[in-house]
Amino acid sequence: MKPARVSGQRRYPPSAVGLVGVVLMLRDVGFTLREVKTFVASRSPAGDGWRELYHRKLAELDQRIARAQVARTAIAHGLACPHEDIFECSNFASGVGAILEGRSLEEAHEETHSH
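Residues numbered from 1 in each chain as written. Predicted model: local features only at pLDDT ≥ 70, side-chain atom pairs only at ≥ 80, totals over all residues. Heavy atoms only, no water.

Colleague: Any details on the overall build of the protein chain? Residues and values, ideally.
Modeller: Within the protein chain, the secondary structure is distributed over five helices and two strands. Ordering the α and β elements of the protein chain from the N terminus gives β-β-α-α-α-α-α. For 115 residues, the compact-globule estimate of 2.2 N^0.38 gives 13 Å, and the protein chain exceeds it by more than 25% at 24 Å. When the 115 residues of the protein chain are sorted by exposure, 13% land in the buried category. Nonlocal contacts in the protein chain, meaning residues at least 24 apart in sequence, comprise 27% of its contacts between residues at least 6 apart. Roughly 9,200 Å² of accessible area belongs to the protein chain as shown, and the carbon and sulfur atoms make up 59% of that amount. Computed over 15 positive and 14 negative side-chain charges, the separation of the two mean positions in the protein chain equals 23 Å. (Helix = DSSP H or I, 4+ residues; strand = E, 2+ residues; numbered from the N terminus. Rg over C-alpha atoms; globule rule 2.2 N^0.38 Å. Buried < 20%, exposed > 50% of the residue type's maximum accessible area, 1.4 Å probe, protein only. Contact = heavy atoms within 4.5 Å. Areas by Shrake-Rupley, 256 points an atom, 1.4 Å probe, with all protein chains shown as cover. Lys, Arg positive; Asp, Glu negative; His and termini not counted. Charge placed at Lys NZ, Arg CZ, Asp CG, Glu CD.)

Now the structure itself:
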């Protein structure tokens, strides 16, 4: 049911404000709009469906954080490289080669710096 109109403007119930706050908060912690919709739909007095969504999002965030930490370390090592031209660095070339062979950035970086 659509909200009533008064002078051409829709009038939403106070509960809509709370729902907007939920959407904004979930968006700010990384949920997609599709995930927010699932979250809101999963609400029930005895339901625990939202916990599964939270567990999945937490695991996703942990993976993103780990990838970002590896990327940060790789960039910091690049900045510490003594070569004027990074393309002349054997570590950089080794890392690029490992990536081209299908290894992840983390694997390539570990392999390059484990010698």
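Colleague: Can you break down the nonpolar core residue by residue, with the values?
Modeller: Judged by nonpolar contacts, Leu26, Phe31, Val36, Phe39 and Leu53 together constitute the single largest core of five residues. When neighbours within four sequence positions are excluded, valine 36 is seen to be in contact with Val23, Leu26 and Phe31. (Core = buried A, V, L, I, M, F, W, Y, C linked by side-chain atoms within 4.5 Å.)

Colleague: Run through the pattern of salt bridges, naming residues and quoting values.
Modeller: Inspection of every chain in the model, using the stated rule, returns seven salt bridges. In this structure, the salt-bridge partner of aspartate 28 is arginine 27, at a minimum N-O distance of 2.9 Å. Measuring nitrogen to oxygen at the nearest pair gives 3.7 Å for the salt bridge that ties arginine 64 to glutamate 60. Remark: glutamate 60 and arginine 64 occur in helix H3 (residues 49-80); sequence separation between them is four residues, near one turn of the helix. Here arginine 64 falls in the partly exposed class, since its relative accessible area comes to 42%. (Salt bridge = Lys/Arg side-chain N within 4 Å of Asp/Glu carboxyl O.)

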